[in-house]
Amino acid sequence: MAGRRLSPAGDSYAGYRARLVETLRAQGIRDLAVLKAFAETPRHLFVPAAVRHRAYDDTALPIGNGQTISQPFTQARYLEALRLRGRERVLEIGTGSGYQTALLGALADQVFSVERVRSLALAAQQALRAAGVANVSVLVGDGTLGWSAYAPYDAIVVAAGGPEIPPPLVEQLALTGRLLVPLGKRGAQTLTLVERDGATLRRTPLGGARFVPLLGEHGFDA
Ligand code: SAH
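Residues numbered from 1 in each chain as written. Predicted model: local features only at pLDDT ≥ 70, side-chain atom pairs only at ≥ 80, totals over all residues. Heavy atoms only, no water.

## A short note on the site of the ligand
Rules: Throughout, near means a residue has at least one heavy atom within 4 Å of the molecule or strand. The term polar contact refers here to a pair of N or O atoms within 3.5 Å; inside protein, the definition further demands a hydrogen-donor-capable atom paired with an acceptor-capable atom, and it admits residues adjacent in sequence only when both atoms are side-chain atoms. Per-residue and other accessible areas follow the Shrake-Rupley method at a 1.4 Å probe size, with only the shown protein chains counted as cover for residues. What counts as a helix is a DSSP run of H or I of at least four residues, what counts as a strand is a run of E of at least two, and both are numbered from the N terminus. Residue polarity is assigned by list, with Asp, Glu, Lys and Arg as charged and Ala, Val, Leu, Ile, Met, Phe, Trp, Tyr, Cys and Pro as nonpolar; anything else, Gly included, falls into the polar class.
Inspection of the region around the ligand gives 27 residues, with Gln75, Ser97, Glu115, Gly143 and Leu215 positioned closest. At 2.4 Å, a backbone N or O of Leu215 approaches a nitrogen atom of the ligand. Compared with its free state, where it exposes 580 Å², the ligand has 99% of that area covered by protein. Taken together, the elements giving at least two residues each to the shell around the ligand come down to β2 (67-69), α4 (99-107) and β4 (110-115). Sort the elements by how many residues they give to the shell around the ligand and β2 lands first, with three residues. Across the shell around the ligand, the residue classes tally to 12 nonpolar, 12 polar and three charged.

Spelled out as structure tokens, the structure:
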């Protein structure tokens, strides 16, 4: 697992973070590595100053450009379904604030994240640096095309809702990889787990979700 970051001294948010972790546990999150990632990742560094006082509420928050940082519980459920064990190479589509990128960095070996909005990608890179997260790379571009340079990925996480599984992501998924993607309409999707076994894909619906739209060549029209 990647080396961690927070100096306990001067981190006045530690108590709030501990409470958030208790909330997640109370809602049924059991994976200890996931709970530890939430306990160690400074969400307040990833939200705009105007909403920082709510950084550890279990709620989605605006991050600018009409985008949101997802609700921690949703992200925790998501991360549990990936069953990361620390050695994986992960691709994330939709960096947003970079918070989930940081959580993935705590749970996997290397994270590659693609964000289509340049200003969000830059802010996320800054926050990731401030949080001391060193094992993630951010690219500005259309994530529905994946990031072929570092493929194959053991896990792929799509943080925006699309109409279909973007074919390049299946191509870039390892032969036994897991892909999580919200599929459906704008505003209402089903979180879907896609497990690859060679040429076979098994889809498992994991419940309803509402993500911002996945825009791009294999997503919705911008
Ligand atoms: N999990 C993030 C929130 C992601 S919001 C967090 O913790 O903050 C979804 C993000 O996906 C938005 O930033 C949006 O700009 C981005 N996005 C939408 N379509 C995309 C695409 N085709 N490629 C890359 N990013 C995309």
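## Comments concerning the side chain of Glu115
The condition that has to hold: Buried, partly exposed and exposed residues are distinguished by accessible area as a fraction of the type maximum, computed with a 1.4 Å probe on protein chains only: under 20%, between the cut-offs, and over 50%, respectively. Positive charges come from Lys and Arg, negative ones from Asp and Glu, while His and the chain ends are left out of the count. We define a salt bridge as a side-chain nitrogen of Lys or Arg found within 4 Å of a carboxyl oxygen belonging to Asp or Glu. Whether two residues are in contact is decided by their heavy atoms, any of which lying within 4.5 Å being enough.
Mapped onto the fold, Glu115 is located in strand β4. There is no salt bridge for the buried Glu115, and the closest opposite charge comes from Arg116, which lies 6.1 Å off by N-O distance. Of note is the side chain of Glu115, whose polar atom sits 3.2 Å from the backbone nitrogen of Thr95. Once you skip the residues sitting within four places of it in the chain, Glu115 turns out to touch Gly94, Thr95, Gly96, Leu120, Ala121, Leu139, Val140 and Gly141.

## With respect to helix α1 (residues 14-26)
Side chains three or four residues apart in an α-helix point the same way, a direct result of the helix having 3.6 residues per turn. Definition in use: The span one expects for a helix is its residue count, reduced by one, times 1.5 Å. The arc in question is traced by the directions running from the helix axis to the C-beta atoms.
A rise of 1.5 Å per residue sets the reference length of α1, with its 13 residues, at 18 Å; its end C-alpha atoms lie 18 Å apart and thus fit the reference within 8%. Turning to α1, its buried residues number three or more, namely Arg17, Leu20, Val21 and Leu24. Looking straight down α1, one finds that the buried residues subtend no more than 100° of arc, so they occupy a single side. Turned more than 90 degrees away from the buried face of α1, the exposed residues are Arg19 and Ala26. Lining the buried residues of α1 we find α2 (32-40) and α3 (72-82). Positioned one or two residues after α1, Gly28 has a phi angle of 110°, which is positive.

## Description of the pattern of salt bridges
Per the counting criterion, the structure on display carries six salt bridges. Measuring nitrogen to oxygen at the nearest pair gives 3.5 Å for the salt bridge that ties Arg25 to Glu22. Of this pair, Arg25 and Glu22 both sit in helix α1, three residues apart, which is roughly one turn of that helix. Judged by its relative accessible area of 42%, Glu22 is partly exposed. The residue Arg85 makes a salt bridge to Asp31 at a minimum N-O spacing of 3.8 Å. In this pair, Arg85 sits in the loop between α3 and β3 (89-93) while Asp31 sits in the loop between α1 and α2, placing the two residues 54 residues apart along the sequence. Taken together, the salt bridges that share partners define one network made up of Arg178, Glu195 and Arg202.

None of the figures reported here should be taken as evidence of function without further support.
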